[in-house]
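Residue strings, one per chain:
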Amino acid sequence: METSIIHRGGETDDVAVVPFSKAHLPGALKLSQEMSWPYRIEDWAFALKVGQGFVLERAGEVIGTAAWFPYGDTHATVGMIIVSGEAQWRGFGARLVDTLLDAAKGRTILLNATAQGRALYERRGFGSVSIIHQYQGIPKGRHETPPPDVVRAMEPSDFDAVARLDGQATGFERGPLLRRLLEVGEAQVLLRDGEPVGYAIARHFGRGYVVGPVVAEEASGARLLIEAALSRLQGCFVRIDTAAIPELSPWLEEIGLSQVSDALTMVRGTLPPTGPARVFALSNQSFN
């Protein structure tokens, strides 16, 4: 899980916190494999393109990572926080989190935490917001693309509308992230009277593909967008991270995507108002 931390105050040995660079990617991959995360080195590299971070180094070895993803001057998300097993229980996780919070310079911070990390974040002023469920598997059956007057491939001219919908749903200015996601993924838009009222992006990630973000005003629209994505991913391993809501969860189970874990969404600061568009699936639990 993207913010799994176990820590206890104590010695710091000869460990240094340094900016996360491309040279650290192999070490970061090794850490994520230790934690049984499905990340490929390409997934780490993509995160470094859309955000920035820090690593814990000891004698040239990466023993911890953390990243943050700024959205304008007022908001950010954090995640990809790992401390190697042999270095846990020494306060290194807390050190990484404090370094991230200092770098974020007073922004409202959103994150997704495991149960183990919750106490650490609560001590730093984070409060619980919601639950995220991770679903994955190879979808059963055949999924049909909705009619083109309902869902179609996103065109370059749709970007402003998609960015506006994303801003409604998240309250964040995520234009740069959307552009990066569109460089590596395939996007569909949901139409009403010929105008975009929702969107979804599917891209390579981990063991197969992730479908997300998925943004729409209603669950019925989100489901149409997911169907459009799945119609292009027949027989592929798929991951979808969604809020714990009854509108989608039973259907995801029905089509063969099993819930394998959950995460607690937490915030420090005040989240902006959102709507009418809503986020029905995340692009990633770290940069959301």
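Residues numbered from 1 in each chain as written. Predicted model: local features only at pLDDT ≥ 70, side-chain atom pairs only at ≥ 80, totals over all residues. Heavy atoms only, no water.

Overview of the overall build of the protein chain
To be explicit about the condition: Only DSSP runs of H or I reaching four residues or more are called helices, and only runs of E reaching two or more are called strands; each is numbered from the N terminus. Here the globule rule reads 2.2 Å times residues to the power 0.38, and the radius of gyration is calculated from C-alpha atoms. For every residue, the accessible area obtained with a 1.4 Å probe (protein chains only) is divided by the maximum for its type, and the residue is called buried under 20%, exposed over 50%, and partly exposed between those limits. Throughout, a residue-residue contact means that at least one pair of heavy atoms, one from each residue, lies within 4.5 Å. What sets the accessible areas is the Shrake-Rupley method with a 1.4 Å probe; for residues, cover comes only from the shown protein chains.
Scanning the protein chain from N- to C-terminus turns up eight helices and 13 strands. For the protein chain, whose C-alpha radius of gyration is 19 Å, the value lies close to the compact-globule estimate of 19 Å for 288 residues. Its C-alpha atoms give the protein chain principal-axis dimensions of roughly 60 × 35 × 35 Å. Buried positions account for 57% of the 288 residues belonging to the protein chain. Sequence-distant contacts, at least 24 apart, represent 76% of the contacts inside the protein chain between residues at least 6 apart. Accessible surface for the protein chain amounts to roughly 12200 Å². Of this, 51% is attributable to carbon and sulfur atoms.

Details of unusual backbone geometry
In most cases, non-glycine residues show a negative phi, while peptide bonds are predominantly trans. Each neighbour pair has its own omega, and for Gly212 with Pro213 the value is 5 degrees, a cis peptide bond. For the bond from Gly275 to Pro276, the omega torsion is 5 degrees, close enough to zero to count as cis. Within the fold, Pro276 resides in the loop between β12 (258–268) and β13 (278–281). Residues other than glycine seldom take positive phi values, yet Asp193 does so here, at roughly 55 degrees. Relative to the elements of secondary structure, Asp193 occurs in the loop between β8 (185–192) and β9 (195–205). Look at Asn288: it is not a glycine, yet its phi comes out positive at around 60 degrees.

Considering the packing of helix α5 (residues 159–170) against helix α6 (residues 175–184)
Cut-off, in case you're wondering: Every axis corresponds to a line fitted to the C-alpha atoms, with the helix fit spanning only the stretch in contact, and the corresponding angles, defined between N-to-C directions, vary from 0 to 180 degrees. Working rule for angles: under 35 degrees goes down as roughly parallel, over 145 as roughly antiparallel, 65 to 115 as roughly perpendicular, anything else as oblique. Each crossing gets its handedness from the near helix: less than a right angle anticlockwise from the far helix is left-handed, clockwise is right-handed. Each residue receives one of three labels: charged for Asp, Glu, Lys and Arg, nonpolar for Ala, Val, Leu, Ile, Met, Phe, Trp, Tyr, Cys and Pro, and polar for the others, Gly being one of them.
Packing of α5 against α6 leaves a shortest axis separation of 10 Å and a crossing angle of 125 degrees. One finds that α5 runs oblique with respect to α6. For the pair α5 and α6, the crossing hand works out as right-handed. Residues Phe159, Val162, Ala163 and Asp166 of α5 form the contact with α6, whose own contacting residues are Gly175, Leu178, Arg179 and Leu182. By residue class, the composition of the contact of α5 with α6 is five nonpolar, one polar and two charged.

Considerations on the pairing of strand β10 (residues 208–216)
Keep this limit in mind: Any two strands with at least two DSSP-identified bridges between them are counted as paired. Crossovers are described as right-handed under a simple rule: with the strands pointing away from the observer, the path leading from the first strand over the helix to the second runs clockwise.
Among the nine residues in β10, eight count as buried, and that is most of the element. Two strands pair when backbone bridges link them, and β9 and β10 are joined in this way by six bridges, in the antiparallel orientation. Across the sheet, residue Ala202 finds its bridge partner in β10, namely Val211. Between β9 and β10, which pair antiparallel in sequence order, lie two residues; one of them, Gly206, sits at a positive phi of approximately 55 degrees. As for the winding sense of the linkage, the β-α-β connection from β10 through helix α7 (residues 219–230) to strand β11 (residues 238–243) is right-handed. The pairing of β10 with β13 spans three bridges and is antiparallel. Opposite Ala216, over in β13, you have Arg278 as the bridge partner.

A closer look at the pairing of β8
Inspection of the sheet shows strand β7 (residues 151–153) paired to β8 by three bridges, in the antiparallel sense. In the sheet register, Ala153 faces β8, and the bridge partner there is Gln188. Of the pairings in the sheet, the one linking β8 to β9 comprises eight bridges and is antiparallel in character. The residue bridging Gln188 from the neighbouring strand is Ala200, located in β9. In textbook terms, the turn of a hairpin is the stretch between consecutive antiparallel strands, and for β8 and β9 this stretch comprises two residues, one of which, Asp193, has a positive phi near 55 degrees.

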